[in-house]
Amino acid sequence: PASRCGWRLLQWLAMSSEVADLAALVDCVIAGPPDDPRAAALGLTPLFQRRNYDPHALFPRLFAALQHLSVAAPVLDLSNYLYRSGLDGQHPAAERSGEMATLLGSLVQQLGCIEEDPGAAGETPEQLGRKVDECVSLVVALCDGMALIGDTAAVGKLYQALGLRHRRIRTEAAAALAKLGESAGVDELVQLAAEPVARLRVVAHAEELDVADRIDEKYLTPE
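Throughout what follows, the structure given in this document is the object of discussion. What you are looking at is a predicted structure, and each value in this text was computed from that prediction instead of being measured. (Residues numbered from 1 in each chain as written. Predicted model: local features only at pLDDT ≥ 70, side-chain atom pairs only at ≥ 80, totals over all residues. Heavy atoms only, no water.)

## A word on the environment of Ala175
The line we're drawing: Strands here mean DSSP runs of E at least two residues long; helices mean DSSP runs of H or I at least four residues long; both are numbered from the N terminus. The rule is simple: take the accessible area with a 1.4 Å probe, protein chains only, and divide by the maximum for that residue type; under 20% is buried, over 50% is exposed, in between is partly exposed.
Summarising the element assignment, Ala175 is placed in helix α8 (residues 167-179). Here Ala175 falls in the buried class, since its relative accessible area comes to 1%. In this structure the C-alpha to C-alpha distance between Ala175 and Arg130, which are 45 residues apart in sequence, comes to 25 Å.

Now the structure itself:
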């Protein structure tokens, strides 16, 4: 984990289609991925760029790596990618939706406390910034996963996420709620289109949900 080039080893293994190499990748990630979240994500990037490997060589065992914050979001993103791209007929986390909802609730609560009092934990601005970045990435991946799995039991946790001030989280929570049949999710997406920082994601979700016609036309121009 402390090696500055450890992510290269992960990347080399991730480029292989051999089951033994992918199993070794899983072993390395579970044992301890790079501490830097960007390096950890780079190590898994080849798995998002190709389709000629067996996803069962990775999941469900790779979920054991969720204990490492630096790689938790990429692992969930990868499981979402495998399902969305059709490489796996069932979402790899389908049987873990309850655990995912619990984790989502815990992270939302943690972020809510930070919003209320950023200095309560006595962390430096750098430490706090990294924690927030890691939590936000993980919450976004969880919202996406919950929507793909289609588990309506997660609706309550998603509404909690919708209550945060962070616009990226609100955008993804709203989209997930909309995909789970909650009209409040669509309403929130329409309102979030007014936020420049969230607009591109909002419009993409609205088009996917076929509700872009509800967004004010001034927010849909190329500018």
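## Structural notes on the side chain of Ser79
Selection criterion: In this analysis, two residues are considered to be in contact whenever any of their non-hydrogen atoms come within 4.5 Å of each other.
Within the secondary structure, Ser79 sits in helix α4 (residues 69-84). For Ser79, the residues in contact, after removing those within four places along its chain, are Phe59, Phe63, His91 and Pro92.

## What about the pattern of salt bridges?
Rule in force here: The salt bridge criterion pairs a side-chain nitrogen of Lys or Arg with a carboxyl oxygen of Asp or Glu, the two atoms within 4 Å.
As enumerated under the stated definition, the model contains eleven salt bridges in all. Close ionic contact of Glu172 with Arg201 constitutes a salt bridge, the shortest N to O distance being 3.2 Å. Here Glu172 is found in helix α8, whereas its partner Arg201 is found in helix α10 (residues 199-208), with 29 residues between them in sequence. Classification of Arg201 by relative accessible area gives partly exposed; the value is 45%. In this structure, the salt-bridge partner of Glu208 is Lys179, at a minimum N-O distance of 3.4 Å. A residue pair is termed long-range when its members are at least 10 positions apart, and Glu208 in helix α10 and Lys179 in helix α8 qualify at 29 residues. Among the residues examined, Glu208 registers a relative accessible area of 53% and is labelled exposed.

## As for the layout of surface pockets
Remark: the empty space left among the atoms is shown by a probe the size of a water molecule rolled over them. Operational definition: In the cavity and pocket records, a cavity denotes points on a 1 Å grid over the protein atoms alone where a 1.4 Å probe fits but cannot get out, a pocket denotes an open set with protein on both sides within 12 Å along at least 5 of 7 lines, and lining residues are residues with an atom within 4 Å of a point. Grid points are joined across faces, edges and corners, and a volume is the space filled by probe spheres set on the points. In this classification, Asp, Glu, Lys and Arg are treated as charged, Ala, Val, Leu, Ile, Met, Phe, Trp, Tyr, Cys and Pro as nonpolar, and every other residue, Gly included, as polar.
Estimates place the volume of the largest pocket at around 510 Å³. Taken together, 24 residues form the lining of the largest pocket, with Ala73, Asp77, Ser137, Val140 and Arg168 sitting closest to its centre. Secondary-structure elements contributing two or more residues to the lining of the largest pocket are α3 (37-44), α4, α6 (125-149), α8 and α10. Ranked by residues supplied to the lining of the largest pocket, first place goes to α4 with eight residues. Per-class residue counts for the lining of the largest pocket are nine nonpolar, four polar and eleven charged. Volume-wise, the second largest pocket comes out at about 150 Å³. What lines the second largest pocket is simply Pro196, Arg199, Leu200, Val203, Lys218, Tyr219, Leu220, Thr221, Pro222 and Glu223. The residue inventory of the lining of the second largest pocket, partitioned by class, reads six nonpolar, one polar and three charged.

## Looking at α4
Because an α-helix completes one turn every 3.6 residues, residues spaced three or four positions apart along the sequence face the same direction. Rule in force here: Helices are assigned an expected span. That span is 1.5 Å times one less than the residue count.
Between its first and last C-alpha atoms α4 spans 23 Å; for 16 residues at 1.5 Å apiece the expected length is 22 Å, and the two agree. Within α4, the full set of buried residues consists of Ser70, Val71, Ala72, Ala73, Pro74, Val75, Leu76, Leu78, Ser79, Asn80, Tyr81 and Leu82. Looking at the buried positions of α4, the neighbouring elements they touch are α2 (19-31), α3, α5 (97-116) and α6.

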